[in-house]
Amino acid sequence: MSEYYDGTKLLSMLDINGDKPEIYICTTNRSGGKTTYFGRLLVRRFLKYGEKFALLYRFNYELDDVADKFFKDLGCLFFQDKAMRTERRASGIYHELFLQDSDEEEKGGVSCGYAISINSADQIKKYSHLFSDVKAILFDEFQSETNHYCANEVTKFQSVHTSIARGQGEQVRHVPVFMLSNPVTLLNPYYVALGIASRLRSDTQFLRGHGFVMEQGYVESAD
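Residues numbered from 1 in each chain as written. Predicted model: local features only at pLDDT ≥ 70, side-chain atom pairs only at ≥ 80, totals over all residues. Heavy atoms only, no water.

1. Regarding the pattern of salt bridges
Two side chains bearing opposite charge may form a pair once their charged atoms approach each other closely. All chains considered together, the criterion is met by six salt bridges. A salt bridge links R85 to E87; the shortest N-O distance between them is 2.6 Å. For the pair R85 and E87, a shared accessibility class is recorded, and that class is buried. Among the salt bridges present, the one from R89 reaches E96, with a minimum N-O distance of 2.9 Å. Judged by relative accessible area, which is 25%, R89 ranks as partly exposed. The exposure class assigned to E96 is buried, which follows from its relative accessible area of 12%. Residues participating in the shared-partner salt-bridge network are R85, E87, R89 and E96. (Salt bridge = Lys/Arg side-chain N within 4 Å of Asp/Glu carboxyl O. Buried < 20%, exposed > 50% of the residue type's maximum accessible area, 1.4 Å probe, protein only.)

Here's what the structure looks like:
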């Protein structure tokens, strides 16, 4: 792989059925640049096309300080003239993200997306109409380094995606999910549910399945 991660090939792939995937999975070693690549992609798509995005976390407490967690490094690297802030909504069930000029007043900016948690799947369902403008979802660290997952996490993940993918006059919209992590274990709940655990080999670089494509990479400069 090159010095920094580039997701161009992964994003160009079709799934095993020849269809546009709903899920794009990317695992590389730590600091490989995957989070930066996909975060930059979402912000650029918003600035160019007005496409809102959702940041997906596991637990609700992770939504605190989400603007700093997501945008601090991105802003320094690529968007020096921009700043991001958030506002808690629905008693903190989700946070709304605002992108603004860095010299703009504190409460300015334009809504660019939302931060939500998998564990709030039931509550998210009640607010699904508010997320009908989301065009893509970023789920960083989908493999837990400490094996700390939600109860019935995959079911809740599917529920959240369904809640977001309805609306705008369509029963189901195509809303891609970019799932990123360091390689932790083949036995994580997503690999098991998608049948990846039984198919993945150490020398596999790309893997296609029903509704998903996956890239397993290694960035030498990150070590």
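From this point, the narrative continues.
2. So, the nonpolar core
Judged by nonpolar contacts, the single largest core of 33 residues is most densely connected at I25, F139, F157, I164 and M179. Sequence-distant contacts of M179, that is, excluding residues within four places in its chain, are made with I23, Y24, I25, C26, F139, F142, F157 and Y190. The next biggest cluster of nonpolar side chains, apart from the first, holds 30 residues, and it includes Y24, F79, L97 and A136. (Core = buried A, V, L, I, M, F, W, Y, C linked by side-chain atoms within 4.5 Å. Contact = heavy atoms within 4.5 Å.)

3. Section: the packing of helix α2 (residues 34-49) against helix α3 (residues 66-77)
Running from N to C, α2 and α3 cross one another at 80 degrees; their axes reach a closest spacing of 10 Å. The angle between α2 and α3 places the two elements in the roughly perpendicular class. Together, T36, G39, R40 and V43 of α2 and F70, F71, L74 and L77 of α3 make up the contact between the two elements. Residue classes in the contact of α2 with α3 are distributed as five nonpolar, two polar and one charged. (Axes fitted to C-alpha atoms, helices over the stretch in contact; angles between N-to-C directions. Helix = DSSP H or I, 4+ residues; strand = E, 2+ residues; numbered from the N terminus. Parallel < 35°, antiparallel > 145°, perpendicular 65-115°, else oblique. Nonpolar A, V, L, I, M, F, W, Y, C, P; charged D, E, K, R; others polar.)

4. Examining the environment of V184
With respect to the element layout, V184 can be found in the loop between β7 (177-181) and α6 (189-194). Judged by its relative accessible area of 34%, V184 falls in the partly exposed class. In this structure the C-alpha to C-alpha distance between V184 and E141, which are 43 residues apart in sequence, comes to 9.9 Å. Apart from the residues lying within four places of it in its own chain, the contact partners of V184 are Q143, S144 and E145.

5. Comments concerning a nonpolar patch on the surface
A cluster of nonpolar side chains, L186, L187 and V192, forms an exposed patch at the surface whose accessible area comes to about 290 Å². Topologically, L186 is positioned in the loop between β7 and α6. Overall, L186 belongs to the partly exposed group, its relative accessible area being 37%. (Patch = residues over 30% accessible without salt bridge, like charges linked within 9 Å, V, L, I, M, F, W, Y side chains within 5 Å. Areas by Shrake-Rupley, 256 points an atom, 1.4 Å probe, with all protein chains shown as cover.)

6. Observations concerning a negative patch on the surface
Negative charge collects at one region of the surface, where D81, D103, E104 and E105 lie side by side. Along the chain, D103 turns up in the loop between β4 (94-101) and β5 (110-117). (Lys, Arg positive; Asp, Glu negative; His and termini not counted. Charge placed at Lys NZ, Arg CZ, Asp CG, Glu CD.)

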